[in-house]
Amino acid sequence: MPSILALFAFVLLVLGGYGYVNQPAQEPPWVDIIPGYAFSPYQPGQSPVDNIHPSSQDIERDLALLSGKTHAIRTYTVEGVFGEVPALAKKYGLNVALGAWLAANEQANQEEITRLTSALASAPGNVVRVVVGNETLLREDLTPEQIIPYLKEVRSKTRLPVSTAEPWHVWIKNPELAEHVDYLAVHLLPFWEGIALNDAVDYAFGRYRELQAAFPGKPIVITEVGWPSHGRSIKQANASQANQAKFLRRFVHSAEEQGLVFYVMEAFDQPWKTDIEGSVGGHWGVFDAQRQQKFETSNPIIPIPQWQLLASASVLVALLLIVFLLMDSASLRDSGRTFLMFNAFVVSSLIIYVIYDFTLQYHTWASMAVSVVLLLGVVGVFVIVLAEAHEWAESMWYKARKRLLKVEADAWVPHTQPFVSIHVPAHEEPPAMLIQTLNALARLDYPNFEVLVIDNNTASESTWRPVQAHCEALGQRFRFFHVKPLAGYKAGALNYALERTSEQAEVVAVIDADYQVHPDWLKHLAPQFEKPSIAIVQAPQDYRDGSESAFKAMCYAEYKGFFHLGMVTRNERNAIIQHGTMTMVRKSVLQGVGGWGTSTITEDTELGLRIFEQGHEAVYIDRSYGQGLIPDTFTDYKKQRHRWAYGAMQILREHAGELLRSKRSKLQPGQRYHFFAGWLPWVADGFNLVFTGLALVWSALMLWDPLSFNAPPLLISVVPLMFFAFKLVKLFTLYVWQVKTGVRGAVAATLAGLSLSYTIGRATLSGLFIGKKIPFIRTPKLASRAAVLRALSAARDESILALALLCNVGALWLALGYDSRENLAWSLVLITQSLPFLAAVLVSLVSAMPAKPSGETVGNPV
């Protein structure tokens, strides 16, 4: 019942939220006929930049649409078909403010002036004023001294009032220009100046009065006034369809009351302008590019007129997500189900709004491709968020663990003593360390076992001979094999041992060369194989040197998250990741699936998946039965994680058919889910690395051409920021509350995890898309600690990327400032992207810090 109530509450919250933000706003009505429109008749797919111009028929259709809605239009050039506009406008009773385009090319300017005077001479009497040049001084194409001769020439050849069009501040800055015009052709566009909507109309009239005071007696015509319906923000000015409607209805109402002459900017959206003015440039029209009116002229204004459709779609998508998320939720408490519902509604609402925003934009094939990629990226982020939310819920809000193995102190009984063959693969391992491992095995409190040590390809005899001698001293249970050459790396060594395993062995156990096991390991866990369906019994990896140094403490905290959270939740659906130490596998099953695989560098995980594909069971115990050694340097820590991530991607490629097609294996849906969802965060690190590269390129383009390349839409920036925050909160919460690391431990684990993002990203990209076989890289044990410079070199790539991202932030601030929410959000994205790389630099430096004195080391020796 609480879950049902929560569901209804979320539905009402979405519907009510949409309704609240879309309350109708009453504004002054639009007059039936306004004085004028700025008129650019380019149709979708046409552009002066590409030299694709409208036809006479296109222009006439647009004029017919405007007939009865305005008294006049204002044009910008008389070149080509635009010279016909006066005659075409005459047919529909429209006057014309005829414009000529001036730029930096003197010859082209003179040709345009010639065309203008010719058009004026042949005009049918509906041209009421002339505009020579549009924002020519603002663009710095010409100086006042250069434009004045053109004004003089045109004024000498017509009795019509002549001016040049510039923003108000250009007139204030160049008062001498007013002496050479008959009126001031003024642009009042408070959006470009970053004025908030509610102040914009008063601001525009304030500038009008400022011009009146500066040029008393000079007529003023507002040749452009408007507000965009979509695109980036500038300071306090936000582009939206509702804001456009509010500004224009307020301005038109006041301007009509004052009897001002003005031309609304503009009649029709011009998508081609996005190439020169950025995303906002194509959205100034009262009509969209398909010639549909964009807002109500008399009824109350609703920010999103289709909000009921969006709200319904959000609820529907949320319900579908909830069905998927809760289809196997019997073990979840109501709080866990409510948490998943909340995430489903947030994700669905964001997805629907992203799609809605996508439909408001004008697209070329190139921009469509970019937008689709961004849209897929956003959806991918949300898929990962839901997968992580699912893991979060199952880690925190569960009723009970049904499959988690519990072993009492008296679990061992005489009739369950399967013979266990323990395999210890070794390559270039320090002999003293390996001897300690063997001594711990010799202390096992279990009657039926053997130990096979397989030293493969160790070069120096002085390294392996002491181990061989120690095995002989320990007795017949211990057999030592030095094999050189031996192919297949660790998997090859384990297969070599499997061939030499005692015939009476029922179980094969594997530990790494650095692991010291607890005497009760086999006594407690081997009896689990009495159940015939059990093929794998897995204990967690644990470490005895986690308090040796600050670096190892960070690594230890980070490791615990997977072994005490991820493995526990996966175990509930029989989907654990088998790892090649502290693992036990039924020998007949191991032989039946073909032994240890050599096609990947994570032979342990790959073997576990093959066993699951045959329909066998695995059990996991959340209790340590042995401790190994943590990598000593950041370089080795990265190499270990690179191997894990690369191998995981090899497994995905190799087993894609079995994971996707049910008929090819006996995998259950829950197992398929965990093998995909569990590696999704690593895949995300790979694509995040691609995103970082693209972000650097885009930021460079913003610096090179800020008009053409704006910061990405706000929502595109908000999504990665939310995702990063979500990950941090999830990690911190689970480490503190479930792993019981404390706050310091949670911070350490989070930093260590972030520091591996680049390494994991590279590994997943190369594993997914290159997939070549790479050698198994042993993680060195008891290595010397790196000096500071060597430690920094371990994070060289991360340092470069962090510096590049932060330099871009600084350059954007110096060049563009934070004049828009989009620029600020994009800078925050760049800063956020730098944090994992900075974490890598920090952890690499920590790895160079001296270890605690040996007397202070808190270990777990056995």
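Since we're looking at a predicted model, the values are computed, not measured. (Residues numbered from 1 in each chain as written. Predicted model: local features only at pLDDT ≥ 70, side-chain atom pairs only at ≥ 80, totals over all residues. Heavy atoms only, no water.)

## Considering the side chain of Ser 717
Then, in step 1: Mapped onto the secondary structure, Ser 717 falls in helix H24 (residues 714-737).
Then, in step 2: Those residues within four positions of Ser 717 in sequence are excluded, and the remaining contacts are Pro 712, Ala 825, Trp 826 and Val 829. (Helix = DSSP H or I, 4+ residues; strand = E, 2+ residues; numbered from the N terminus. Contact = heavy atoms within 4.5 Å.)

## Looking at the environment of Gly 475
Then, in step 1: Considering the arrangement of structural elements, one finds Gly 475 in the loop between helix H14 (461-474) and strand S11 (478-483).
Then, in step 2: Assessed through its relative accessible area of 28%, Gly 475 is described here as partly exposed.
Then, in step 3: Measuring from C-alpha to C-alpha, the distance between Gly 475 and Ala 442 comes to 9.4 Å, with 33 residues separating the pair along the chain. (Buried < 20%, exposed > 50% of the residue type's maximum accessible area, 1.4 Å probe, protein only.)

## Topic: the nonpolar core
Then, in step 1: Val 420, Ile 422, Leu 441, Trp 521, Leu 525 and Met 584 are the most contacted members of the largest nonpolar core, which totals 98 residues.
Then, in step 2: For this core, the element with the highest residue contribution is helix H20 (residues 634-654), accounting for eight residues.
Then, in step 3: Look past the residues within four positions of Ile 422 in its chain and what remains in contact with it is Leu 441, Leu 444, Phe 449, Glu 450, Val 451, Leu 452, Ala 509, Trp 521 and Leu 522.
Then, in step 4: Listed in part, the 84 residues of the second largest apolar core include Leu 197, Phe 205, Leu 211 and Ile 301. (Core = buried A, V, L, I, M, F, W, Y, C linked by side-chain atoms within 4.5 Å.)

## Overview of the environment of Val 690
Then, in step 1: Structurally, Val 690 can be placed in helix H23 (residues 680-704).
Then, in step 2: For the pair formed by Val 690 and Arg 762, sequence separation is 72 residues and the distance between their alpha carbons is 9.5 Å.

## A few points about unusual backbone geometry
Then, in step 1: Here the bond from Met 265 into Glu 266 is cis, since omega is 0°, no more than 30 degrees from zero.
Then, in step 2: Tracing the backbone shows Glu 266 in the loop between strand S8 (262-264) and helix H9 (274-277).
Then, in step 3: Look at the link from Lys 484 to Pro 485: it is a cis peptide, with omega at 5°.
Then, in step 4: Considering the arrangement of structural elements, one finds Pro 485 in the loop between S11 and helix H15 (489-499).
Then, in step 5: One non-glycine residue with positive phi stands out, namely Asn 51, at about 60°.
Then, in step 6: By the secondary structure assignment, Asn 51 is in the loop between strand S1 (34-38) and helix H2 (56-66).
Then, in step 7: Asn 51 sits in the exposed class, given a relative accessible area of 59%.
Then, in step 8: Phi at Arg 291 takes a positive value of approximately 70°, unusual for a residue other than glycine.
Then, in step 9: One can find Arg 291 in the loop between H9 and helix H10 (307-325).

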